[in-house]
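Residues per chain, in single letters:
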Amino acid sequence: MRLAHFSTAFRQLPSYARPARPAMATLRRGALRASAPVSAALGFSTATGSISSSSNTNRLANEKSPYLLQHAHNPVDWYPWGKEAFDLAKETNKPIFLSVGYSTCHWCHVMEHESFEDADVAAVMNKYFVNIKVDREEHPGVDKLYMTYVQLTSGRGGWPMNVFLTPDLEPFFGGTYFAPDGARNGMPGFKTVLQRVAMIWESDRQKLLESGRDTIRQLRSFVQSRITDAAAAQDQLDAPIVATKAYDHYLSKFDAEHGGFGAAPKFPQPVQLQFLLEYFGYHENDKERRDKALAMVTDTLKHIARGGIHDHVGSGFHRYSTDQNWHVPHFEKMLYDQGQLLSTYATAYQVTKDDLFADVARDIVRYVARDLHHPQGGFYAAQDADSLPTIDAAKKLEGAFCVWTKDELAQHLTPAELDVVCHHYGVKAGGNVPPEQDPHDELTNKNILNAILPMHATADVCGLSVDEARDALASAKTKLWAVREKDRPLPHRDEKIITSWNGLMISGLVKASTVLGDASMLRLATETAQFIRNNLFDAEAKTLGRSFCEAPSAVAGHLEDYSYLIQSLIDLYEANGENEWIQWAADLQQSQNDLFYDAEGGGYFSTESSDDTILVRLKDEQDGAEPAPNAVALKNLIRLGTILERDEYVTKAQETLDCFGRGMETFPYAMPSLVSSYLLMHHGVKQIVLAGRAIEPFQSLVNTVFVPNKLVIQAKEDGLVHDCNKTVARIAQEQSGRDAGAAYVCEHFTCSLPLTDIENFKKQIEQ
């Protein structure tokens, strides 16, 4: 019997706790066999326990991770991921209970309160299991491996993720959120599951051990099959066909009324929007598809900017919407969302010149600079969804920092401001949150600000001019932010500085700074890169650390840390032409190749080979909340290979593409970032080489024009690019000492004559 057959115990999970990312498309659901004894033993129970006090202290108190510290006073005898816990499991011959989450995860908080703070539940856990708590943001390789197992065996994933392992770390049963006993209409609760698993471990251990070993064998076989796929995929792919297949899928799923794709819960999904922008940019000769691709992007961006998923008072974006029309969000704010959405809004402005997109981009920067910025540079990971509604409150509520009763608004606003706010944002005396979107009754009589009218309609209904209505709204938002800052406790902030997420933020800041002409954003990006170099980069070994929280963690950087940071360094180099960024990017690319590249099958593993706690090294090609690291790595190889004229990077790029070719051909909509990188490889890079002293007019023009395959290089008479790129060196020599600026457009192994007229230059780069 397969594990998926008894996953009904978890199907009562509320819709907004379900994962954004589906099970891996390239391996079917239920493909891993499960232990029949576990399924047969899952029974029913209504036992409950008493809630423990906070006087307990466990080993997690010695950790730096905010998520682990949240569990440091549970009565559960938690261990961090590491040798001490593994050795104990082997010495005592106990199974491991592995629980994975993150500090701003709402349902992680729920399960902690219901189960991990319960003394009776903790007693069962401590007696029968070695209990390990993992911060998924600190150990993405651990999370990826066991989440793959949970998704493939149950058809769903999400956090908290809870998996039972053998002492050799092999999984034999897992799921996501487990409700307490008696809470899910007779379904087995968490304490019952613990007791049944413990019973099976004692009575039929050998079958569980065999199940765990078989699971790992199947996962290894799946990874090995990629080599065969790579060989079969060569010469079979066609980039325009693959891209159009992805486009057609998104068009079929597009919500023409509300924007976005599919049904609730709805995520902004910037990786898909970015793909569509690039599809638009490449399809100059197909006006219908080109226009529809752009419309899907702009409609979605406008809807989420108006929706409750956008914090209209505090700026920035919440994680996702629990409903179809972006009204009721899950209120946590993640850095990776801000960075990617910043890039997307800035690009949308670059294409359309619609000021709305520029305003939203500035709004995102305002939020991260104010609320997520470390004083010395770098950005914190996230803000929690839950907070205390008042200073004197005892219980945290989701969204408490952001929502309002109508009476609260009236207390702080003038009558005219209140009138504008109520009409513009749909404020009601009894609240504007539908009961079905409030399963825990935390939002009763509350209003989530959700722009239901355009500004001109709000002005009309309030009897004001558009400027008067806009000024009243701006004044109201300033007052309401002051109230939130002064009177409401701030949500918990996860103060980990994660290398990969900061890479995404740097890229967003660079894009916004160049498109909007805002030097302060570029300074913020530069400070962030310098913070990573000073605190998370080993200059001697040329390797990265994963995260920083008061001090660097002991966890080594993963593939995503290298690929996202390298991308951001290339972006910085394009923006200011400084050698230090391209030199650092080249050093990191070499380290990435040494640590993660699969010389046999192509592509990059997510973790280093030296980490023997990861039983199966996986490769990430599908996009989730963040772009697939292999997709970003592929684009980096193309860009760096062009800038530095390194043929080995071109070879690795082709091998990486071949590794994922079969999956991309079959499921391109699951990997839009990889398809975007393939389009870049197919169309080739359009190098724009700037030379001479007066290059600012040319640089400014380049920044305003959307060309998805452009790559900007400044020709200088020294530095790594000069030493590696013969064409750039020649151009630098030709233009040496000249006051006038010049631009060269190079593609398909040919460079234009020097362009000194701005209008001619514009025509050339837009061809």
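Preceding this paragraph is the structure being described.
Here the residue index of a chain counts from 1 through its sequence in written order. Side-chain atom pairs in this predicted model are given and counted only at pLDDT of 80 or more, local residue features only at pLDDT of at least 70, and totals for whole chains, interfaces and linings cover all residues. Each side-chain value is worked out from all heavy atoms of the structure, with water and hydrogens disregarded.

Observations regarding the overall build of the chain
Threshold: Numbered from the N terminus, helices here are DSSP runs of H or I no shorter than four residues, and strands are runs of E no shorter than two. Throughout, radius of gyration means the C-alpha value; the globule benchmark is 2.2 Å times the number of residues raised to the power 0.38. Note on classification: 1.4 Å probe, protein chains only; a residue is buried when its accessible area is under 20% of the maximum for its type, exposed when over 50%, partly exposed between these limits. In this analysis, two residues are considered to be in contact whenever any of their non-hydrogen atoms come within 4.5 Å of each other.
Per the secondary structure count, the chain includes 29 helices and 21 strands. Relative to the 2.2 N^0.38 estimate, which gives 27 Å for 767 residues, the radius of gyration of the chain is 27 Å and therefore close to what a compact globule would have. When the backbone C-alpha atoms are referred to their principal axes, the chain occupies close to 80 × 70 × 45 Å. Relative to its 767 residues, the chain shows a buried fraction of 61%. For the chain, contacts bridging at least 24 residues in sequence account for 72% of all contacts bridging at least 6.

Some remarks on unusual backbone geometry
The peptide bond linking Trp159 to Pro160 adopts the cis configuration, its omega dihedral lying at 5°. The topology assignment puts Pro160 in the loop between α6 (140-154) and β4 (161-165). One non-glycine residue with positive phi stands out, namely Glu550, at about 75°. Considering the arrangement of structural elements, one finds Glu550 in the loop between β16 (547-549) and β17 (551-552).

Concerning the sheet that holds strand β13 (residues 497-498)
Condition: If DSSP finds at least two bridges between two strands, the strands pair. Fitting a line to C-alpha atoms yields each axis, with helices limited to the stretch in contact; the angle taken between N-to-C directions then spans 0 to 180 degrees.
Strand order in the open sheet formed by three strands is β13-β16-β17, with antiparallel pairing between adjacent strands. For this open sheet the edge positions go to β13 and β17, each flanked by a neighbour on one side alone. Of the strand pairs in this sheet, β13 and β16 are connected by two bridges, and their pairing is antiparallel. The residue of β16 that forms the bridge with Ile497 is Phe548. Where helix α19 (residues 519-536) meets the sheet, its contacts fall on β13, β16 and β17, and the angle it forms with β16 comes to roughly 85°.

So, the sheet that holds strand β9 (residues 382-383)
Across the sheet, which stays open at both edges, the three strands sit in the order β8-β9-β12 with antiparallel pairing between neighbours. Only two strands of the sheet have a single partner each, and these edge strands are β8 (333-334) and β12 (493-494).

Some points on the packing of α19 against helix α20 (residues 559-576)
To describe two helices that pack against each other, one gives the angle between their axes and the distance between the axes. Heads up, the rule is: Here roughly perpendicular refers to angles of 65 to 115 degrees, roughly parallel to angles under 35, roughly antiparallel to angles over 145, and oblique to all remaining angles. Left-handed describes a crossing in which the near helix is turned anticlockwise from the far one by less than a right angle; the clockwise case is right-handed.
At a minimum axis separation of 11 Å, α19 and α20 run at an interaxial angle of 135°. As the angle between them shows, α19 and α20 are arranged oblique. Of the two elements, α19 crosses α20, and the hand of that crossing is left-handed. Of the residues in α20, those touching α19 at Leu522, Ala525, Thr526, Ala529 and Ile532 are Leu565, Leu569, Leu572 and Ala575.

Topic: the pairing of strand β2 (residues 96-101)
Burial of β2 is extensive: six of the six residues sit out of reach of the surface. Here β2 shows two buried faces, one formed by Ile96, Leu98 and Val100 and the other by Phe97, Ser99 and Gly101. Bridging between β2 and strand β3 (residues 130-135) involves six bridges; their strand directions are parallel. When the bridges of β3 are listed, Phe97 appears paired with Asn131. With five bridges connecting them, β2 and β4 associate as antiparallel partners. Counterpart to Leu98 in the pairing with β4 is Val163.

Quick look at the side chain of Glu398
Note the threshold: His is not counted, nor are the chain ends; Lys and Arg add positive charge and Asp and Glu add negative charge. Salt bridge, as used here: a side-chain nitrogen of Lys or Arg that lies within 4 Å of a carboxyl oxygen of Asp or Glu. Polar contacts here mean pairs of N or O atoms no more than 3.5 Å apart (in protein, one a potential hydrogen donor and the other a potential acceptor; neighbouring residues in sequence count only if both atoms are side-chain atoms).
Residue placement: Glu398 occurs in strand β11 (residues 397-398). One buried charge, Glu398, has no salt-bridge partner; the nearest side chain with opposite charge is Arg319, at 11 Å. In this structure the side chain of Glu398 is engaged in a polar contact, spanning 3.3 Å, whose partner is the backbone nitrogen of Phe331. Apart from the residues lying within four places of it in its own chain, the contact partners of Glu398 are His106, Pro329, His330, Phe331, Ala385, Asp386, Glu442 and Leu443.

Overview of the pattern of salt bridges
Following the criterion strictly, the structure yields 39 salt bridges and no others. The residue Asp77 makes a salt bridge to Arg59 at a minimum N-O spacing of 2.4 Å. Taken together, the residues span a long stretch of sequence, with Asp77 in the loop between α2 (66-70) and β1 (78-80) and Arg59 in the loop between α1 (36-41) and α2 at a distance of 18 residues. Taking relative accessible area as the criterion, Asp77 reaches 31% and is therefore assigned partly exposed. The exposure class of Arg59 is partly exposed, given its relative accessible area of 28%. With a closest N to O distance of 3.5 Å, Glu408 and Arg488 form a salt bridge.

Some words on the state of the cysteines
Stated precisely, the cut-off is as follows: Any pair of cysteine sulfurs within 2.5 Å is marked as a disulfide.
Going through the model one piece at a time under the given rule, you end up with two disulfides. The residue that forms a disulfide with Cys105 is Cys108, at a sulfur-sulfur distance of 2.4 Å. Disulfide Cys105-Cys108: torsion about the S-S bond near 80°, hence right-handed. A residue is classified by how much of its surface remains accessible, and Cys105, at 3% relative accessible area, is buried. Note that Cys746 is cross-linked by a disulfide to Cys751, the S-S spacing being 2.0 Å. Here the S-S torsion is close to 110°, and the disulfide linking Cys746 with Cys751 is therefore right-handed. Take the cysteines of the chain that form disulfides and number them in order along the sequence; they join up as 1-2, 3-4. Among the cysteines around Cys549, which has no disulfide bond, Cys108 carries the closest sulfur, lying 17 Å off. On the basis of relative accessibility, which here comes to 12%, the residue Cys549 falls in the buried class.

Side note on the environment of Ser252
Structurally, the position occupied by Ser252 is in helix α9 (residues 239-253). Separated by 10 residues in sequence, Ser252 and Gly262 have C-alpha atoms that sit 9.1 Å apart. Separated by 2.6 Å, the side chain of Ser252 and the backbone oxygen of His249 make a polar contact.

Concerning the packing of α9 against helix α11 (residues 287-306)
In the contact formed by α9 and α11, the axes pass within 11 Å of each other and the chain directions differ by 55°. Considered as vectors, α9 and α11 are oriented oblique to each other. As for how α9 packs across α11, the hand of that crossing is left-handed. Counting all contacts with α9, which are made through Thr244, Tyr247, Asp248, Tyr250 and Leu251, the residues of α11 involved are Glu288, Arg289, Lys292, Ala293 and Met296.

Side note on the packing of aromatic side chains
Our working rule: Planes of paired rings set the category: under 30 degrees apart is stacked, over 60 is edge-to-face and the rest tilted, where pairs are Phe, Tyr or Trp rings (Trp by its six-membered ring) whose centres lie within 6.5 Å. Think of it as a cone above the ring: NZ of Lys or CZ of Arg counts as a charge over the ring if it is within 6 Å of the ring centre and within 35 degrees of the ring normal.
Considering all chains together, one arrives at 32 aromatic pairs under this definition. Ring geometry for Phe317 versus Tyr345: centroids 5.8 Å apart, planes at 20°, classification stacked. In this pair, Phe317 sits in the loop between α11 and β6 (320-321) while Tyr345 sits in helix α12 (residues 335-352), placing the two residues 28 residues apart along the sequence. There is no split in this pair, since Phe317 and Tyr345 are both buried. Among the aromatic residues, those joined into a cluster by ring pairs are Trp78, Phe97, Phe116, Phe129, Phe164, Phe172, Phe173, Phe178, Phe190 and Trp201. A cation sits over an aromatic face here: Arg290 above Phe280, 4.0 Å from the ring centre. We note Arg488 situated over the ring of Trp404; from NZ or CZ to the ring centre the distance is 3.9 Å.

Notes on α11
As a reminder of what qualifies: Given a helix with a known number of residues, its expected span is that number minus one, times 1.5 Å.
Taking 1.5 Å of rise per residue, the 20 residues of α11 would be expected to cover 28 Å, and the 28 Å separating its terminal C-alpha atoms lies within 8% of that figure. For α11, the complete set of buried residues consists of Ala293, Leu294, Met296, Val297, Thr298, Thr300, Leu301, His303, Ile304 and Ala305. Lining the buried residues of α11 we find α9, α10 (270-282), α12 and α13 (355-371).

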